[in-house]
Amino acid sequence: MDSCSCSSATADGIFTEQVPDQAGTWYVKAVVPPTEGHAGLEAITEFHILKAQPDYTIPTGLTAVYGSTLAAVDPGTGFAWQTPDQKVGDVGTRTFAADYHPEDQQNYTSVEGLAIPLQITPKPASQLWVSPVTNEQEAAGLTVKDGTEVLQQDKDYTVTRQEENGRVVLTLTFRGNYEGTILRDYSAAQTLPAASAQRAAPAPPAATARPVQTSQSPAPETAAAAESQAVENTIRQTAPRPTAATQTTPAPTATPSVTGEELPAPTPGPATPEPAQPEEGKTESEAPARTHTVWLWWLLLLLLVVLLAVLCLLRTRREDPTDQEDTHTGS
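Calculation criteria
Residues numbered from 1 in each chain as written. Predicted model: local features only at pLDDT ≥ 70, side-chain atom pairs only at ≥ 80, totals over all residues. Heavy atoms only, no water. Core = buried A, V, L, I, M, F, W, Y, C linked by side-chain atoms within 4.5 Å. Buried < 20%, exposed > 50% of the residue type's maximum accessible area, 1.4 Å probe, protein only. Helix = DSSP H or I, 4+ residues; strand = E, 2+ residues; numbered from the N terminus. Contact = heavy atoms within 4.5 Å. Phe/Tyr/Trp six-rings, centres within 6.5 Å; stacked < 30°, edge-to-face > 60°. Patch = residues over 30% accessible without salt bridge, like charges linked within 9 Å, V, L, I, M, F, W, Y side chains within 5 Å. Areas by Shrake-Rupley, 256 points an atom, 1.4 Å probe, with all protein chains shown as cover. Salt bridge = Lys/Arg side-chain N within 4 Å of Asp/Glu carboxyl O. Pairing = 2+ DSSP bridges. Axes fitted to C-alpha atoms, helices over the stretch in contact; angles between N-to-C directions. Lys, Arg positive; Asp, Glu negative; His and termini not counted.

Draft legend 1. Representation of the nonpolar core. Judged by nonpolar contacts, the single largest core of 32 residues is most densely connected at Trp81, Leu118, Val144, Leu151, Leu170, Leu172 and Phe174. When residues of this core are traced back to their parent elements, those giving at least two are β5 (79–81), β6 (92–100), β7 (111–121), β13 (167–174) and β15 (181–187). The residues touching Leu172, leaving out its near neighbours within four places in the chain, are Val130, Leu142, Val144, Tyr157, Thr158, Val159, Gly180, Thr181 and Ile182.

In structure tokens, the structure reads:
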């Protein structure tokens, strides 16, 4: 009895005697030709060739710089990171998940979830931003950035200070996730900006007013002498003094006359303002204007003295009883 078996990729396709060597679904047909006294037979059966597991080797010796992502690291032919946008993390050895896709996708399956080791190395200091330093104030506010992240002193780097040849040298030594050194220097004679120095200077103490000291004069014996003494005291009280604050002078008291009547105290003149102290930054062109103002005040003061003297003389003649008695005696 002769029989044959053939294969095909489809149930109704052309069957050949070629043996399938590719993974997939196949069909085999068995044929028994008819014989004397027996009918022929034919049957088609489906069968499957499964994909094989590929041979692969886990990559080793892969490195990445701190701060980068897995996408910056090539894991090798056929391998792909499951999370390429993931940061590699801190310095050290870590493992990350990857998949292996064989070149022959038809006959071999992909392998998922492979753990691939990765060595993370420190980031060079040359890729960092360090603020410029030209004086002591900027040295105190020294800032180091990795992109938008501000690095912390004594954690990511240390600073040593050294003075040599009239210059201050700052050495930044990086550690942890960073490596390398950066230098910053400035003149040792460099001082803080003038504005900062003025803000730091203490304010001068406020000037206090000094009481006006007047000498004690003996009591006048006549009304004319009393008026003259009052005028002299008024001049002393109203004279301008170069003090920081306005001076206050006690008002003069009434002086008894020789007749026993109490003469009213002369009315003091208007308070004389203190001459303004020259301010810093004023030019010498303002000196004539200040001199003119001083002379004007002295002229007003002189007119006030003359007016007071005339009033005192008229009052003395009107109120002196001695003149009146002499007039009655003569009549």
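Next comes the rest of the account.
Draft legend 2. Representation of the packing of aromatic side chains within the structure. Taken as a whole and assessed by the stated rule, the structure comprises five aromatic pairs. Taking the centre distance of 5.4 Å and the plane angle of 35° together, the rings of Tyr56 and Tyr100 count as tilted. Here Tyr100 lies in strand β6 and Tyr56 lies in the loop between β3 (41–49) and β4 (63–65), a separation of 44 residues in the sequence. Accessibility expressed as a relative area gives 12% for Tyr100, which makes it buried.

Draft legend 3. Representation of a nonpolar patch on the surface. Together, Leu296, Trp297, Leu299, Leu300, Leu302, Leu303, Val306, Val310 and Leu314 make up a nonpolar patch on the protein surface, roughly 830 Å² of accessible area in all. Assignment of secondary structure puts Leu302 in helix α4 (residues 287–319).

Draft legend 4. Broad picture of unusual backbone geometry. The residue Asp154 is not glycine, and still its phi comes out positive at about 70°. By the secondary structure assignment, Asp154 is in the loop between β11 (149–150) and β12 (157–164). For Asn165, which is not glycine, the phi torsion reads 55° and is therefore positive. A relative accessible area of 80% means that Asn165 is categorised as exposed.

Draft legend 5. Fine view of the sheet that holds β5. What the four strands build is an open sheet, ordered β4-β7-β6-β5; its pairing is mixed. Pairing within the sheet leaves two strands with one partner each, and these edge strands are β4 and β5. Averaged over all pairs of adjacent strands, the angle between their axes in this sheet comes to 50°, without regard to strand direction.

Draft legend 6. Region of interest: the environment of Gln153. Take Gln153: it is sitting in the loop between β11 and β12. Expressed as a C-alpha distance, the spacing of Gln153 and Leu142, which sit eleven residues apart in the sequence, is 9.6 Å.

Draft legend 7. Local environment of the pairing of β13. Judged from the eight bridges that link them, β12 and β13 form a sheet pairing that is antiparallel. By the bridge assignment for β13, Val159 is matched with Leu172. The hairpin turn running from β12 into β13, its antiparallel successor, is two residues long, and Asn165 in that turn takes a positive phi close to 55°. Inspection of the sheet shows β13 paired to β15 by seven bridges, in the antiparallel sense.

Draft legend 8. Region of interest: the sheet that holds strand β10 (residues 144–146). Pairing is antiparallel across the open sheet formed by three strands, whose spatial order is β9-β10-β11. Two strands close off the open sheet at either side, each with one partner strand: β9 (129–130) and β11. Bridge count between β9 and β10: two bridges; the pairing is antiparallel. In the sheet register, Trp129 faces β10, and the bridge partner there is Lys145.

Draft legend 9. Just the pattern of salt bridges, in detail. Tallied over the entire structure, the rule returns four salt bridges. For Asp146, the salt bridge goes to Lys123, with nearest N and O atoms at 2.6 Å. With Asp146 in strand β10 and Lys123 in strand β8 (residues 123–124), this residue pair connects regions lying 23 residues apart in the sequence. Asp146 gets classed as buried once you look at its relative accessible area, which sits at 12%. As a salt-bridge pair, Asp185 and Arg167 come within 2.9 Å of each other at their nearest N and O atoms. Of this pair, Asp185 sits in strand β15 while Arg167 sits in strand β13, and the two are 18 residues apart along the sequence.

Draft legend 10. Molecular detail of the side chain of Asp156. By secondary structure assignment, the location of Asp156 is in the loop between β11 and β12. Within the buried core, Asp156 has no salt-bridge partner, and the shortest N-O distance to an opposite charge, that of Lys155, equals 5.2 Å. If near-sequence neighbours (up to four positions away) are discounted, Asp156 is found in contact with Leu151, Thr173, Phe174, Arg175 and Tyr178.

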